[in-house]
Amino acid sequence: MTRRVSIFGATGSVGLSTLDLIRQHRSKYQVVALSANGNARAIAQLAREFDAELAVVADESAYAELKEALAGTTIEVAAGPQALIEAARRDADWTMASIVGCAGLPSTMAAIEAGKTVALANKEALVSAGELMMAAVRRSGAVLLPVDSEHNAIFQCLAGGKIDQVRKITLTASGGPFRAFSLEEMRAVTPAQAVAHPNWDMGAKISIDSATMMNKGLELIEAYHLFPVGLDKLDILVHPQSVIHSMVEYVDCSTLAQLGSPDMRIPIASALAWPERIATTCKPLDLATIGQLTFERPDQLRFPALRLARAAITEGGAKPAIMNAANEVAVAAFLDGQIKFLEIVALVEATLSAYVPDAPKGLDDLFSIDAGARHYARRELEKLTSGN
Ligand code: NDP
C-alpha cells in the first residue's frame, strides 16, 4: 500500500530531507501536496519530480511564476495562506509540518483538526499554540509524530513504556557553535559563525536558535506538551557529540536512550515509516571511532534562553507565544546585521516584560498575541538599534 504524503515547507532543510527519503522509496509513497513560501521555481521542480497532485506557494506574488513553471502538467497550483490551509485538509495519510516559524501554525492546525497523522518539525507552532494544539489533537484524534531529533528519540524510548512510570526525560543539546565561548567572545560573533553548526546541517533560523540555545528552550516547551510528565521531570544535558539524541529514565532507574549519527533523515525516516521502519543511506553509528561521549550541564548565564523557556512554561498563558514571536523577530534582525548576538535573547526578555496580554482562549486570540508580540519586539528592536 502506498502512503499518501503532503509536505509543508518542502523546499527547506527538513522538507528536502523528507523528499530525499521518498526518492529512495518511491513505490511506498505518493506525493499529494508540496508547499513553499516564495520559492516557486524549486517547488515546481519538486512537484514535477515527485508527480505531486498540488503545489502551493504561501506568497501570492509567486503564483504567476509557479503557474508558468507547471504549465502543461496536470499538477494543480495554488497560492496564499488559505490555499495552504485547504491543502492541509486534503486527503493524505501523512503530513510533514516543516514550515519554519509560527507561519506554519495555520496549516499544522488545519491538518490536526482534520484528524491527520502529522509529523511535526515546526516546533514554533506547538510552542506558540501549546494547550490549544494539544486539545485539538485530543478532539480530532490526530496522531502527532515528533520529528525534532530529541523528541523523536523520546518518542522511540517511550514505545512500549508507560508515561506514568517515567522518572525523568533528558533532552540532549549539542551546545551549538559557542558552547566553549566566553561571554566576551559571544558578544562579537557574526551571523556566519552562528549559522555554522558543528554537527547539524539545518536552516538558518534553527541554526541561530541552536547557537543561543533558544532552540533547546523551544524544545523544552515542545517536550512539555508532547510528553506530559511535568516540568520538574524534564532535564537538559549538553552532549557535544550529538550521538545520544535524548533519554528516558523509568522509575526502576533503567534509562533508555536513542542513538544515531546527527542526520535529520534518521528521525524523519522513523516518522515517515511509522510504525514500520525503512532503510536509509545515512551513516551508521561507529562508536569505536567516536570513542567518547561526553556530557556537561548547560550554562544558564551564557545561555539565558533556557531560563526564559522554563519561566514561560511556569507562567503559561501567552508567555510561550510571546517568547517565540519575539525570538523570530530577534533572529531575523540578527541575520540582517541589525543587532548583536547577545541582544537576541535580551530582546526576547525585554518583549516578555513589556507585553502582558491575557491568556489566549482560542486561535484568534493566539494570532493577535503573536502579532502583538512582534509589534512590541520591533519596538524593543528600535530602542536597541538606535543605541547600537
Ligand atoms: P528552512 O528555512 O530550511 O525551510 C523553511 C521552509 O518553510 C521552506 O520550505 C520555506 O519556503 C517555508 N517557509 C518559510 N517561510 C514561510 C512562510 N511565511 N509561509 C509558508 N512557508 C514558509 O527551515 P528548516 O527546514 O531548517 O526548519 C523547518 C522547521 O523544522 C522549523 O520549525 C525548525 O525549527 C524545525 N526543525 C528543523 C531541523 C533541521 O534540521 N533543519 C531539525 C529539527 C526541527 P521557501 O523555500 O519558499 O522560503
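To keep things clear, this report deals only with the structure shown in the data block.

What counts and what doesn't
Residues numbered from 1 in each chain as written. Predicted model: local features only at pLDDT ≥ 70, side-chain atom pairs only at ≥ 80, totals over all residues. Heavy atoms only, no water. Helix = DSSP H or I, 4+ residues; strand = E, 2+ residues; numbered from the N terminus. Rg over C-alpha atoms; globule rule 2.2 N^0.38 Å. Buried < 20%, exposed > 50% of the residue type's maximum accessible area, 1.4 Å probe, protein only. Contact = heavy atoms within 4.5 Å. Areas by Shrake-Rupley, 256 points an atom, 1.4 Å probe, with all protein chains shown as cover. Lys, Arg positive; Asp, Glu negative; His and termini not counted. Charge placed at Lys NZ, Arg CZ, Asp CG, Glu CD. Pairing = 2+ DSSP bridges. Axes fitted to C-alpha atoms, helices over the stretch in contact; angles between N-to-C directions. Near = heavy atom within 4 Å. Polar contact = N/O pair within 3.5 Å; in protein donor to acceptor, adjacent residues only side chain to side chain. Phe/Tyr/Trp six-rings, centres within 6.5 Å; stacked < 30°, edge-to-face > 60°. Salt bridge = Lys/Arg side-chain N within 4 Å of Asp/Glu carboxyl O. Expected span 1.5 Å × (residues − 1). Core = buried A, V, L, I, M, F, W, Y, C linked by side-chain atoms within 4.5 Å. Left-handed = near helix turned anticlockwise from the far one by under 90°. Nonpolar A, V, L, I, M, F, W, Y, C, P; charged D, E, K, R; others polar.

### Notes on the overall build of the chain
- On a plain count of helices and strands, the chain comes out with 17 helices and 11 strands.
- The C-alpha radius of gyration of the chain comes to 20 Å, within 12% of the 21 Å expected for a compact globule of 388 residues.
- Reported as C-alpha extents along the three principal axes, the dimensions of the chain are approximately 55 × 50 × 40 Å.
- The buried share of the chain, taken over its 388 residues, is 55%.
- Counting only contacts in the chain whose residues sit at least 6 apart along the sequence, the fraction spanning at least 24 positions is 67%.
- Accessible surface for the chain amounts to roughly 16500 Å². Of this, 52% is attributable to carbon and sulfur atoms.
- Of note, the chain has its 36 positive side-chain charges centred 2 Å away from the centre of its 44 negative side-chain charges.

### So, the sheet that holds strand E11 (residues 255-259)
- The four strands are arranged E9-E8-E10-E11 in an open sheet whose pairing can be described as mixed. The open sheet has two edge strands with one neighbour each: strand E9 (234-238) and E11. Strand-to-strand, the axes of this sheet are offset by a mean angle of 20°, without reference to chain direction.
- Note that strand E8 (residues 166-173) and strand E10 (residues 244-250) share five bridges and pair antiparallel. Bridge pairing links Val166 to Tyr250 in E10.

### Things to note about the site of the ligand
- Close to the ligand lie 24 residues, the nearest being Thr11, Ser13, Val14, Asn37 and Glu124.
- Contact between the ligand and Ala121: an oxygen atom at 3.4 Å from a main-chain N or O atom of the residue.
- Considered on its own, the ligand offers 900 Å² of accessible surface; in the complex 84% of this is hidden by protein.
- Secondary structure elements with two or more residues in the shell around the ligand: helix H1 (13-24) and helix H6 (123-140).

### Topic: the packing of aromatic side chains
- Summed over all chains, the structure comprises five aromatic pairs.
- Aromatic side chains Tyr355 and Tyr376 sit 4.7 Å apart centroid to centroid with 20° between the ring planes, which places their arrangement in the stacked category. Separated by 21 residues along the polypeptide, Tyr355 in the loop between helix H16 (341-354) and helix H17 (363-387) and Tyr376 in helix H17 bring together distant segments of the chain.
- With relative accessibility at 13%, the residue Tyr355 sits in the buried group.
- Its relative accessible area of 22% is what places Tyr376 among the partly exposed residues.
- Site record: aromatic cluster; members linked through ring pairs are Phe178, Phe181, Phe334 and Phe341.

### Quick word on the pattern of salt bridges
- All chains considered together, the criterion is met by 25 salt bridges.
- Two residues, Glu53 and Arg90, come together in a salt bridge whose shortest N-O distance is 3.9 Å. Of this pair, Glu53 sits in the loop between helix H2 (40-49) and strand E3 (54-57) while Arg90 sits in the loop between helix H4 (81-89) and strand E5 (94-97); the two residues are 37 residues apart in sequence, bridging distant segments of the chain.
- Taking relative accessible area as the criterion, Glu53 reaches 23% and is therefore assigned partly exposed.
- Assessed through its relative accessible area of 23%, Arg90 is described here as partly exposed.

### Focus on the side chain of Ser246
- With respect to the element layout, Ser246 can be found in strand E10.
- On the accessibility criterion, Ser246 (0% relative accessible area) is buried.
- At 3.4 Å, the side chain of Ser246 forms a polar contact with the backbone nitrogen of Thr172.
- Those residues in contact with Ser246, other than ones at most four positions away along the chain, are Glu150, Ala153, Ile154, Cys157, Thr170, Leu171, Thr172, Leu256, Ala257 and Gln258.

### As for H16
- Taking 1.5 Å of rise per residue, 14 residues should cover 20 Å, and H16 covers 21 Å from first to last C-alpha, within 8% of that figure.
- Listing the buried residues of H16 in full gives Phe341, Glu343, Ile344, Val345, Leu347, Val348, Thr351 and Leu352.

### A look at the pairing of E11
- Across five bridges, the pairing between E10 and E11 is antiparallel. Note that in E11 the partner of Ser246 across the bridge is Gln258.
- Counting the residues between successive antiparallel strands, the hairpin from E10 to E11 contains four residues, one of them, Cys253, with a positive phi of roughly 70°.

### Observations regarding the nonpolar core
- Core analysis: the largest hydrophobic core is formed by 91 residues, its most contacted members being Met323 and Phe341.
- Take this core: its biggest share by element is 10 residues, from helix H15 (residues 319-335).
- Listed in part, the 40 residues of the second largest apolar core include Ala44, Val147, Ala269 and Ala273.

### Overview of the sheet that holds strand E6 (residues 117-120)
- Reading across the sheet, the seven strands line up as E4-E3-E2-E1-E5-E6-E7 and stay open at both edges, with parallel pairing between neighbours. The sheet is open, and its two edges are formed by strand E4 (76-79) and strand E7 (143-146), each paired on a single side. Strand-to-strand twist in this sheet, taken as the mean axis angle between neighbours without regard to direction, amounts to 20°.
- Where strand E1 (residues 3-8) meets E5, four bridges bridge the pair, whose relative direction is parallel. Of the residues in E5, the one forming a bridge with Val5 is Trp94.

### Describing the packing of H15 against H16
- Here H15 crosses H16 at 145°, and the two axes come no closer than 8 Å. Taken as a pair, H15 and H16 cross one another with a handedness that is right-handed. Counting all contacts with H15, which are made through Lys319, Ile322, Met323, Ala326, Asn327, Ala330, Val331 and Phe334, the residues of H16 involved are Phe341, Ile344, Leu347, Val348, Thr351 and Leu352.
- Looking at side-chain class alone, the contact of H15 with H16 contains 11 nonpolar, two polar and one charged residues.

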